[in-house]
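Residues per chain, in single letters:
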Amino acid sequence: MNPNAVVSLVIFAFTFILILSEKLHRTVAALLGSVLMVIVGNWMGFYTEADAIHSIDMETIGLLFGMMILIALLEETGFFEYVAIRAARASGGNPWILMVSLGSITTVLSMFLDNVTTVVLIAPVTILITNLLGLNPIPYLIGEALLSNTGGTATLVGDPPNIMIGSAAKLSFLDFILHMGPQVLVAWLAALIVLLVVFRKILSRKPRNLSSLMKVDLSSVLKHKKNAKKLLWVLALVILLFFLSDPLHLRPWIVAIMGATLGFLLVRPKVEEICKTVEWPVLIFFAALFVTVGGLKHSGVLSMFAYGFVGLAKENLLLCCVLLIWVSAVASAIVDNIPFTMAMIPVIQHIEAQGIAVAPLWWALALGVGFGGNGTPIGSTANVVVVSLSEKTRKPITTGIWLRSGLLVMLATCAAVTVTFIIFFKFMQ
Amino acid sequence: MKISEWMKTDLVTISKDTTLEDAINLLVEKRVGTLPVVEADGKLLGLVTMKGILKNFLPDFYSLMENTDYIHDLGALELPSRERQSFLKKSITECMNTVPRFVSPDHTILSAIGIMSRHHLNDLIVVQDGILTGLVSTVDLGIAFLHWIKKNAELLAECEESAGGSRSAECEESAGDDSSVK
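Residues numbered from 1 in each chain as written. Chains lettered and ligands numbered in written order. Predicted model: local features only at pLDDT ≥ 70, side-chain atom pairs only at ≥ 80, totals over all residues. Heavy atoms only, no water.

Here we take up the overall build of chain A. When its secondary structure is counted, chain A shows 25 helices and zero strands. Here the C-alpha radius of gyration of chain A, 22 Å, is about what a compact globule of 429 residues would show, namely 22 Å. Expressed along its principal axes, the backbone C-alpha trace of chain A runs to roughly 70 × 45 × 45 Å. Counting only residues that meet the buried cut, chain A has 59% of its 429 residues in that class. A separation of at least 24 residues holds for 81% of the contacts in chain A among residues at least 6 apart in sequence. (Helix = DSSP H or I, 4+ residues; strand = E, 2+ residues; numbered from the N terminus. Rg over C-alpha atoms; globule rule 2.2 N^0.38 Å. Buried < 20%, exposed > 50% of the residue type's maximum accessible area, 1.4 Å probe, protein only. Contact = heavy atoms within 4.5 Å.)

This part takes up the side chain of Thr18(B). Residues and elements named next belong to chain B. One can find Thr-18 in the segment before helix H1 (20–30). Looking at Thr-18, its side chain comes within polar contact range of the main-chain oxygen of Ser-15, at 2.6 Å. If we ignore the near neighbours within four places in the chain, the residues touching Thr-18 are Ala-23, Lys-90, Ser-91 and Ile-92. (Polar contact = N/O pair within 3.5 Å; in protein donor to acceptor, adjacent residues only side chain to side chain.)

The next thing to look at is the sheet that holds strand S3 (residues 102–103) of chain B. Residues and elements named next belong to chain B. Read across the sheet, three strands follow the order S3-S4-S5 without closing on themselves; strand pairing throughout is mixed. The strands lining the two open edges of the sheet, one partner per strand, are S3 and strand S5 (131–137). Bridging between strand S4 (residues 123–128) and S5 involves six bridges; their strand directions are antiparallel. Paired with Asp-123 across the two strands is Ser-137, which belongs to S5. Set on the sheet, helix H5 (residues 109–118) makes contact with S3, S4 and S5; between it and S4 the angle comes to about 125°. (Pairing = 2+ DSSP bridges. Axes fitted to C-alpha atoms, helices over the stretch in contact; angles between N-to-C directions.)

On the chain A side, the residues contacting the 18 residues of chain B number 23 residues. Between chain B and chain A, a total of about 1800 Å² is buried, with carbon and sulfur atoms accounting for 61% of that surface. The three residues of chain B that bury the most area against chain A are Asp60(B), Leu64(B) and Tyr70(B), which together make up 35% of that side's buried surface. Where chain B packs against chain A, one counts one salt bridge. Across the salt bridge formed by Asp73(B) and Lys215(A), the nearest N and O atoms sit 2.9 Å from each other. Scanning the region where chain B abuts chain A turns up four residue pairs in polar contact (both at pLDDT 80 or more). Residues of the side of chain B that touches chain A, tallied by class, amount to twelve nonpolar, three polar and three charged. (Buried area = accessible area lost by both parts, 1.4 Å probe. Salt bridge = Lys/Arg side-chain N within 4 Å of Asp/Glu carboxyl O. Nonpolar A, V, L, I, M, F, W, Y, C, P; charged D, E, K, R; others polar.)

All names here are of chain A. At a minimum axis separation of 9 Å, helix H8 (residues 138–151) and helix H10 (residues 173–198) run at an interaxial angle of 165°. Judged on the interaxial angle alone, H10 and H8 are roughly antiparallel. The two elements H8 and H10 cross, and the hand of that crossing is right-handed. On the side of H8, the interface is formed by Ile-142, Gly-143, Leu-146, Leu-147, Thr-150 and Gly-151, while H10 contributes Val-184, Ala-187, Trp-188, Ala-191, Leu-192 and Leu-195. Residues that form the contact of H8 with H10 fall into these classes: nine nonpolar, three polar and no charged. (Parallel < 35°, antiparallel > 145°, perpendicular 65-115°, else oblique. Left-handed = near helix turned anticlockwise from the far one by under 90°.)

All names here are of chain B. This prediction gives chain B a mean pLDDT of 87; 90% of its residues lie at or above 70. For chain B, per-element mean pLDDT is lowest for helix H7 (residues 169–174), which scores 62, and highest for H1, which scores 94. For this predicted complex, the interface confidence reaches an ipTM of 0.73, while the overall pTM sits at 0.83. (pLDDT = per-residue confidence, 0-100.)

Right, let's get into H1(B). Residues lying three or four places apart along an α-helix face the same way, a consequence of the helix completing one turn every 3.6 residues. Residues and elements named next belong to chain B. Of all the residues in H1, the buried ones are Leu-20, Ala-23, Ile-24, Leu-26 and Leu-27. Buried residues along H1 cover an arc of 160° about the axis, so they all sit on one side. Structural note: H1 exposes Val-28 and Glu-29 on the side pointing more than 90 degrees away from its buried face. Turning to H1, the residues buried within the fold contact strand S1 (34–38), strand S2 (44–49), helix H2 (50–55) and helix H4 (82–88). Where H1 ends, the next residue or the one after it, Arg-31, has phi of about 55°, a positive value. (Arc of directions from axis to C-beta.)

Turning our eyes to something else, we now look at H10(A). All names here are of chain A. Taking the largest bend as the criterion, H10 deviates by roughly 45°, centred on Met-180, and proline Pro-182 comes between one and four positions later. Regarding H10, the residues found buried are Phe-173, Phe-176, His-179, Met-180, Gln-183, Val-184, Ala-187, Trp-188, Ala-191, Leu-192, Val-194 and Leu-195. A side-chain oxygen of the first residue of H10 lies 3.3 Å from the backbone nitrogen of Leu-174; this N-cap is Ser-172. (Bend = angle between axes of the 7 residues up to and from the residue.)

Following this line, the structure appears as structure tokens:
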């Protein structure tokens with residue numbers, strides 16, 4: 001291997017391990033990696049500053065930013081608590097129905113809004129609801145994280161890896177729904193069944209008190225009903241434009257920012273306060289990681305790595321895809337799925353440059369990365385959030401509990417889509 | 001005017017072995033909001049307040065959510081709980097603030113008001129070289145403040161008399177700068 005490749009690989013591996021070890025905040029680790037990559041790359045001649053800037057995918061960052069603003073505006077209205085409490089009341093305190101409804105709500109929301117933030121907003125009110133009812137919150141918290149991870153894989157905007165894949169492969173919102181939708185639905189149902197079975201003992205226990213939940217005055221939960229309504233209309237418009245992004249030539253990121261702007265115009269909040277809730281560390285993390293992985297790409301390491309796959313892809317594309325689903329799943333269970341996806345994208349692009357029709361590989365990557373995140377407590381940021389919130393309560397989610405449920409869900413969902421992928425392979429191309 | 005002139009010096013204090021239940025009883029009995037936790041030699045270990053103790057009996061979601069006012073009734077959490085009973089028998093070190101805000105005896109009234117306002121305190125302890133010397137409650141500060149204002153007026157009047165009945169600028173300066181008063 002040439003020295004550029006070795007050096008860039010070392011810097012990337014160092015950054016990756018630093019992120020995993022959690023000795024440093026992941027944003028700081030990524031910044032460190034990006035700075036090293038640019039300085040060393042510039043000095044060795046394989047990565048200029050202009051290259052670095054170009055590596056930052058504005059589509060991903062813009063989409064994340066726009067949706068973060070919309071969520072922040074919607075959160076202020078009390079909408080998320082309102083929906084969760086309403087669903088809980090409708091369940092009549094039946095734990096099974098509660099599990100399905102809270103899981104479904106989180107899934108639907110996280111198909112359009114960022115997965116992690118949705119879970120961050122639903123988890124505390126879930127703890128509240130289960131406390132009032134006298135139920136154990138664990139199945140609901142885990143269920144929300146797992147089901148929203150699973151469901152978020154179906155849409156372009158539901159999951160950061162999908163956003164990155166969509167931008168790189170120029171796939172539309174509609175493309176995702178058509179290719180991923182049906183398979184994800186099957187996987188989601190499989191996940192739900194696994195969860196209901198794994199937690200059947202806890203879910204069989206009746207709630208100890210129903211009346212206080214029923215007495216909650218819903219209108220004081222939804223503090224700003226008018227604003228909530230306006231924002232939901234904006235969200236509906238944004239989703240409609242996502243569907244129409246191809247014919248209208250409007251990439252999703254500009255639609256998201258347009259939505260955020262409309263939100264600001266209609267609600268007129270204190271801009272500084274809303275912007276404070278935007279997760280800047282996350283956006284900086286993405287930008288810095290893009291720069292780091294860009295160095296990897298420019299040194300030629302990834303095209304070398306791609307060559308290994310080209311042979312298999314030419315011979316048996318289906319096998320290559322199935323392998324990719326499982327390898328991506330295992331990888332994204334263990335390591336952060338974002339740097340993994342970022343590194344795999346140029347690999348697939350290189351395979352494409354060798355004349356192979358890589359469409360199914362993109363879908364396989366998206367599915368594997370999406371479902372693998374369920375396997376371990378650290379596999380997806382939503383998992384980390386749920387576990388850390390539960391640690392503040394008296395019934396923390398242990399790694400053991402997670403593995404018994406999450407790992408099974410990961411295996412079930414990956415198995416389910418392996419089957420659907422094989423059956424619908426022609427359609428994937 | 002210094003805080004040392006207005007602080008209470010005969011204080012109710014507790015040791016670190018006091019249980020939460022006993023602390024609550026004492027707070028009620030003595031009608032105070034704050035109990036300093038001291039060692040035998042008077043060294044301050046921390047502060048226990050009624051608010052601080054009661055907060056510990058709230059469920060976890062209160063710290064995780066911003067809007068919780070709509071909850072009128074905590075449902076299953078209101079039911080009898082062994083955990084709650086045993087928690088009361090624990091030592092106050094569970095709820096003790098080990099780094100309380102304090103002032104030294106030479107702080108002025110206004111600066112004490114500043115600290116109480118900033119940190120939303122009802123009682124402010126006075127500490128010298130790590131030893132608890134006194135405590136000022138909100139009411140104590142109010143009494144001190146009224147005296148201070150009265151003294152202010154007296155000093156202003158005296159000065160104007162000696163300057164020949166006019167409101168000269170020199171008097172304002174010698175009576176103390178009131179530019180902070182709105």
